[in-house]
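# Chain and residue survey
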Amino acid sequence: MVTSVAGMQQLAKSWQRKGVRVGFVPTMGYLHAGHMSLVKRARQMVGKSGKVVVSIYVNPTQFGPKEDLSRYPRDLKRDQQLCRAEGVDVLFVPSDQEMYPQNGIGAYSTYVVEETLSRGMEGVSRPTHFRGVTTIVAKLFNIVQPQVAVFGAKDFQQAAVVQRMVRDLNFPLKIVVAPTHREPDGLAMSSRNKYLSTDERQQALALSLAIKAAQQAVKSSKQSLAANKLRANLFKLISQHPAARVDYIEFFDPQTLQPVTQVSCGTQMALAVFVGRTRLIDNARL
Ligand code: AMP
């Protein structure tokens, strides 16, 4: 485990000198099989002779003031075991003091902001979220200096925003987006699923059921569907789950993330739903 920025950068430099390829998986920890599928993908990308680095850092600047920063689940021991079992070479676990030194986050003043893809959906509900994400990911890229970084399609908009940042700022690395890993009943794996009570865990199926219903509607229709009508139907379906409250349901072009008024095969759907107090997101290609 490496905890200092200087230590990680030194390691990265020594690998670079030897021509060792580095695959990187940034996470906020409390690892699950979805994270580990990204680790496997990173290993595939760099091979046996390469190095796989996983970072665990619950980044304060991507949480809003009323969000779950302080109670975000953590279990470093278990995360270490999972990473060891999967053959991760280095676990990078910096402190807030390492990532935001010199008088802390309040005094931190350099941010990376993506101004187009980050505007809608999560950007509306969580106005400072992506600024925090792009800033921390840019910092981590400068610290770990990977040739490949793997992100999950579970956070579709995040992956798109990071890809755009890498393109626009000429980061010398490739972004790979790996598919969403799900529980057997369809719930997308997430560290936040830990917050759910037994009853809420059942009702959280509203998200994947809504996606399945939309996919079925697109499949069984010969023409494109009006987005508003489909959205209204999905609101109804989700409202059958009393603990569930829709934040947004969006249909959009998977490249531009621009909303569409007509939904057809290839349209991307994303939704955010509160289940009790827990905010869950999911998405899929229709
Ligand atoms: P997090 O720890 O939630 O910030 O996620 C770290 C990385 O893991 C991000 O790239 C996520 O998109 C990805 N991830 C989280 N959950 C899943 C999942 N169920 N399947 C695939 N990737 C995931």
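Keep in mind that this is a model prediction, so the values were computed, not measured.

### Regarding the overall build of the protein chain
Check the secondary structure of the protein chain and you find ten helices and ten strands. The globule rule puts the C-alpha radius of gyration for 286 residues at 19 Å, and the 19 Å found for the protein chain is close to it. Structurally, the protein chain occupies a C-alpha span of about 55 × 40 × 35 Å along its principal axes. Evaluated residue by residue, the protein chain yields a buried proportion of 53% over its 286 residues. Within the protein chain, contacts between residues at least 6 apart in sequence are counted, and of these 73% link residues at least 24 apart. Each charge class in the protein chain was averaged separately, 37 positive and 21 negative side chains, and the resulting centres sit 4 Å apart.

### Quick word on the layout of surface pockets
Counted as a void, the second largest pocket has a volume near 250 Å³. What lines the second largest pocket is Leu117, Phe156, Ala159, Ala160, Gln163, Arg164, Arg167, Val177, Pro254, Gln255 and Arg285. Of the residues contributing to the lining of the second largest pocket, the split by class is six nonpolar, two polar and three charged. Residue-level mapping places the lining of the second largest pocket at the junction of two domains, with at least three residues from each of domain 1 (5–178) and domain 2 (191–285).

### Concerning unusual backbone geometry
Within the chain, Met121 stands out as a residue other than glycine whose phi angle is a positive 45 degrees. Mapping Met121 onto the fold places it in the loop between helix H4 (96–99) and helix H5 (122–125). Using a relative accessible area of 8% as the deciding quantity, one classes Met121 as buried. Residues other than glycine seldom take positive phi values, yet Asn170 does so here, at roughly 55 degrees. Mapped onto the secondary structure, Asn170 falls in the loop between helix H7 (156–168) and strand S5 (174–178).

### Structural notes on the site of the ligand
Taken together, 17 residues lie near the ligand, and His35, Gly152, Asp155, His181 and Met189 sit nearest. Contact between the ligand and Met28: an oxygen atom at 2.9 Å from a main-chain N or O atom of the residue. In the model, an oxygen atom of the ligand is placed 2.6 Å from a nitrogen or oxygen of the Asp155 side chain. Here the ligand has 480 Å² of accessible area as a free molecule, and 93% of this is covered by the chains. Elements with a minimum of two residues in the shell around the ligand: strand S1 (22–27), helix H2 (33–46) and strand S4 (148–152). Ranked by the residues each element gives to the shell around the ligand, the list is headed by H2, at three residues. Taken together, the residues of the shell around the ligand sort by class into seven nonpolar, eight polar and two charged.

### Here's the deal with the pairing of S1
In terms of burial, S1 is a largely internal element, six of the six residues being buried. A two-sided burial pattern is seen for S1, the buried positions comprising Val22, Phe24 and Pro26 on one face and Gly23, Val25 and Thr27 on the other. In terms of handedness, the path from S1 via H2 over to strand S2 (residues 51–56) forms a crossover that is right-handed.

### As for the environment of Tyr30
As for its position among the elements, Tyr30 is in the loop between S1 and H2. Here Tyr30 is in contact with His35, Pro73, Arg74, Asp75, Asp79, Ser191 and Lys194, once residues within four sequence places are set aside.

### Remarks on the domain arrangement of the protein chain
Looking at the assigned domains, one finds that the protein chain contains domain 1 (5–178) and domain 2 (191–285). For domain 1 and domain 2, the distance between their C-alpha centres works out to 27 Å. Each partner contributes to the interface: domain 1 provides 20 residues, whereas domain 2 provides 19 residues. Interface area, domain 1 with domain 2, both sides summed: about 1800 Å², of which 53% is carbon and sulfur. Contact with domain 2 buries area across many residues of domain 1, yet Arg71, Met121 and Phe156 alone supply 37% of it, more than any other trio. At the boundary of domain 1 with domain 2, the tally comes to two salt bridges.

### A closer look at the sheet that holds S4
Strand order in the open sheet formed by five strands is S3-S2-S1-S4-S5, and the pairing between neighbours is parallel. Each edge of the open sheet carries a strand with a single partner, namely strand S3 (90–92) and S5. Taking each pair of neighbouring strands and ignoring which way they run, the sheet shows an average axis angle of 25 degrees. In terms of strand pairing, S2 meets S3 through three bridges, oriented parallel. Looking at the pairing, Val53 lines up with Val90 of S3.

What counts, and where the lines are drawn
Residues numbered from 1 in each chain as written. Predicted model: local features only at pLDDT ≥ 70, side-chain atom pairs only at ≥ 80, totals over all residues. Heavy atoms only, no water. Helix = DSSP H or I, 4+ residues; strand = E, 2+ residues; numbered from the N terminus. Rg over C-alpha atoms; globule rule 2.2 N^0.38 Å. Buried < 20%, exposed > 50% of the residue type's maximum accessible area, 1.4 Å probe, protein only. Contact = heavy atoms within 4.5 Å. Lys, Arg positive; Asp, Glu negative; His and termini not counted. Charge placed at Lys NZ, Arg CZ, Asp CG, Glu CD. 1 Å grid on protein atoms, 1.4 Å probe; cavity = no way out; pocket = protein on both sides within 12 Å on 5 of 7 lines; lining within 4 Å. Points joined across faces, edges and corners; volume = space filled by probe spheres on them. Nonpolar A, V, L, I, M, F, W, Y, C, P; charged D, E, K, R; others polar. Domains from an automatic or database assignment. Near = heavy atom within 4 Å. Polar contact = N/O pair within 3.5 Å; in protein donor to acceptor, adjacent residues only side chain to side chain. Areas by Shrake-Rupley, 256 points an atom, 1.4 Å probe, with all protein chains shown as cover. Right-handed = clockwise from strand over helix to strand, strands pointing away. Buried area = accessible area lost by both parts, 1.4 Å probe. Salt bridge = Lys/Arg side-chain N within 4 Å of Asp/Glu carboxyl O. Pairing = 2+ DSSP bridges. Axes fitted to C-alpha atoms, helices over the stretch in contact; angles between N-to-C directions.

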